[in-house]
Amino acid sequence: MTDLDALQALLGPTAHPVHLALEGEHGTALPPLVDHHVHLALIDEAPLAARGVAAVIDLGGDPVALAQRVRPAIPRVAYAGAFLTAPGGYPSDRPWAPDGIWREVRSAARAAGAPGGATTLVDEQAEFGASVIKVSLNADAEPVLDADALDAIIARAHERGLPVLAHVEGAGMTRLAIEHGVDALAHTPFSELLPPDLIHRAAAVRQRWVSTLDIHEGEDRARAAANLGAFARAGGTVLYGTDLGNGDRPPGVSASELRAMHDAGIQGAALVATLTDPWPLATPPSGVATFVPGPVPAGADGIPDWLGTARVVPREELTPDPH
Ligand SMILES: [Zn+2]
């Protein structure tokens, strides 16, 4: 086994030994890393690239502000726009949620332009540049979107080529999302331990789950970790995501989120893959790569902390090491 084989056995086929052309520092190149759950309005995005994050997905913000933002090239930003929720539903009842980050779905109307209709609200997010549509399914903060409205949202989003992602919380909400064809979950389900048949069904329909384990403590954290481990073992697609802006964590690749995922059973190359999946976009940001300095850990246990030292570099600065 060559050194390259050993490296790629640990980190996956996208990993390569490199050095920086100018400084000569040695390390490992990986594809650009993505945080699949952030809230840009609540964070300072300037340090993200120096701390390894090349792309982010904003999962709940004012669509007008998002569409008007000045766009630095890195981090590349994709977004959902506003949460679509039932009148009075989550997160409109939350003190942290500013006006503009949710829209009340007042009918399941499929006619374009119907006031407060499901189609109208999907169209609004899409016109403001959304790459994914986010719905709120929170049974612990009723009312919840009714199934007809959910179906209408999903139908319109899919017509427009956009996936639908749900915040699920409370009894039965994960089942509702899976049975109605929601494409992704913004958080690993944390408020109930899911039965194996439901987890297998989620994996079989190729649902994606954004991890966000480290925002939880206690029972919620234990349930989320158990659900995520079972989902990964069933072949489900896990995406790294931190919910950055929820709570007070530093911007950048989060070693503590990665440790929680590792402890849940998503390790080595599988862990790296959760960071490099460009979903909901088709391709990673171009022209940049991830550089992780220093020697590669001897085993998977060291990978979360090692990835926590990653930074974004121009691809052309990386020179392959001979092997
Ligand atoms: Zn969030």
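Everything below is about the structure printed above this text.
Everything numeric here is computed off the predicted structure, so don't read it as measured data.

### Side note on the overall build of the chain
And step 1. Broken down by element type, the chain carries 10 helices and 15 strands.
And step 2. Against the compact-globule benchmark of 20 Å for 323 residues, the chain has a radius of gyration of 20 Å, which places it among compact chains.
And step 3. Looking at the 323 residues of the chain, the share that counts as buried comes to 55%.
And step 4. Of the contacts formed within the chain by residues at least 6 apart in sequence, a portion of 62% connects residues at least 24 apart.
And step 5. Accessible surface, the chain: about 13100 Å² in total, of which carbon and sulfur atoms supply 53%.
And step 6. Between the mean site of the 22 positive side-chain charges and the mean site of the 40 negative ones, the chain shows a separation of 4 Å.

### Some points on the sheet that holds strand β13 (residues 288–293)
And step 1. Taken in spatial order, the five strands make up an open sheet running β14-β13-β2-β1-β15, and their pairing is antiparallel. With partners counted over all chains shown, the strands left at the sheet margins are β14 (311–314) and β15 (318–320), one partner each. The average undirected angle you get between the axes of adjacent strands in this sheet is 50°.
And step 2. Pairing geometry for strand β1 (residues 16–20) and β15, over three bridges, is antiparallel.

### Looking at the pairing of strand β8 (residues 133–138)
And step 1. With respect to burial, β8 is a largely interior element, six of its six residues being buried.
And step 2. Side chains I133, V135 and L137 project from β8 onto one buried face, and the interleaved K134, S136 and N138 project onto a second face that is buried too.
And step 3. Direction of pairing for β8 relative to strand β9 (residues 164–169): parallel, over a ladder of six bridges. What sits directly across from K134, in β9, is L165.

### Section: the pattern of salt bridges
And step 1. According to the stated counting rule, one finds 15 salt bridges in the structure shown.
And step 2. E25 serves as the salt-bridge partner of R311, at 2.9 Å between the closest nitrogen and oxygen. Of the two residues, R311 is situated in strand β14 and E25 in the loop between β1 and β2 (26–30); the sequence distance between them amounts to 286 residues.
And step 3. Among the residues examined, R311 registers a relative accessible area of 25% and is labelled partly exposed.
And step 4. Residue E25 is classed as partly exposed on the basis of its relative accessible area of 30%.
And step 5. In this structure, R201 engages E179 in a salt bridge whose closest nitrogen and oxygen atoms are separated by 3.6 Å. Taken as a pair, R201 in helix α6 (residues 196–204) and E179 in helix α5 (residues 173–179) lie far apart in primary sequence, 22 residues in all.
And step 6. The exposure class of R201 is partly exposed, given its relative accessible area of 37%.

### Structural notes on the coordination of the zinc ion
And step 1. Taken together, the protein ligands of the zinc ion are H37 (NE2), H39 (NE2) and D243 (OD), with distances of 2.0 to 2.2 Å.
And step 2. Ordering the donors of the zinc ion by residue number gives the pattern H-x1-H-x203-D. On the criterion of sequence distance, the pair formed by H39 in the loop between β3 (33–38) and β4 (53–58) and D243 in the loop between β12 (237–239) and α8 (255–263) is long-range, its members being 204 residues apart. You'll find H39 and D243 in the same group, each marked buried.

### Here we look at the sheet that holds strand β11 (residues 208–210)
And step 1. Spatially, the seven strands line up as an open sheet ordered β7-β6-β8-β9-β10-β11-β12, and their pairing is parallel. Unpaired on one side and paired on the other, β7 (102–104) and β12 mark the two borders of the sheet.
And step 2. Strand direction decides the pairing type here: strand β10 (residues 184–185) and β11, joined by two bridges, are parallel. Bridging across to β11, A184 finds its partner in R208.
And step 3. With respect to the sheet, helix α3 (residues 118–127) is in contact with β6 (83–85), β7 and β8, its orientation differing from that of β7 by roughly 155°.
And step 4. The sheet strands contacting helix α4 (residues 147–159) are β6, β8 and β9, and the helix crosses β8 at an angle near 165°.

### Here we look at the pairing of β13
And step 1. Of all six residues in β13, six are buried; the element is thus mostly enclosed.
And step 2. Of the two faces of β13, the one holding V288, T290 and V292 and the one holding A289, F291 and P293 are both buried throughout.
And step 3. Pairing geometry for β13 and β14, over four bridges, is antiparallel. Its bridge partner being in β14, T290 is matched across the sheet by V312.

Procedures and definitions
Residues numbered from 1 in each chain as written. Predicted model: local features only at pLDDT ≥ 70, side-chain atom pairs only at ≥ 80, totals over all residues. Heavy atoms only, no water. Helix = DSSP H or I, 4+ residues; strand = E, 2+ residues; numbered from the N terminus. Rg over C-alpha atoms; globule rule 2.2 N^0.38 Å. Buried < 20%, exposed > 50% of the residue type's maximum accessible area, 1.4 Å probe, protein only. Contact = heavy atoms within 4.5 Å. Areas by Shrake-Rupley, 256 points an atom, 1.4 Å probe, with all protein chains shown as cover. Lys, Arg positive; Asp, Glu negative; His and termini not counted. Charge placed at Lys NZ, Arg CZ, Asp CG, Glu CD. Pairing = 2+ DSSP bridges. Axes fitted to C-alpha atoms, helices over the stretch in contact; angles between N-to-C directions. Salt bridge = Lys/Arg side-chain N within 4 Å of Asp/Glu carboxyl O. Donors = N, O, S within 2.8 Å, 3.2 Å for Na, K, Ca; no water.

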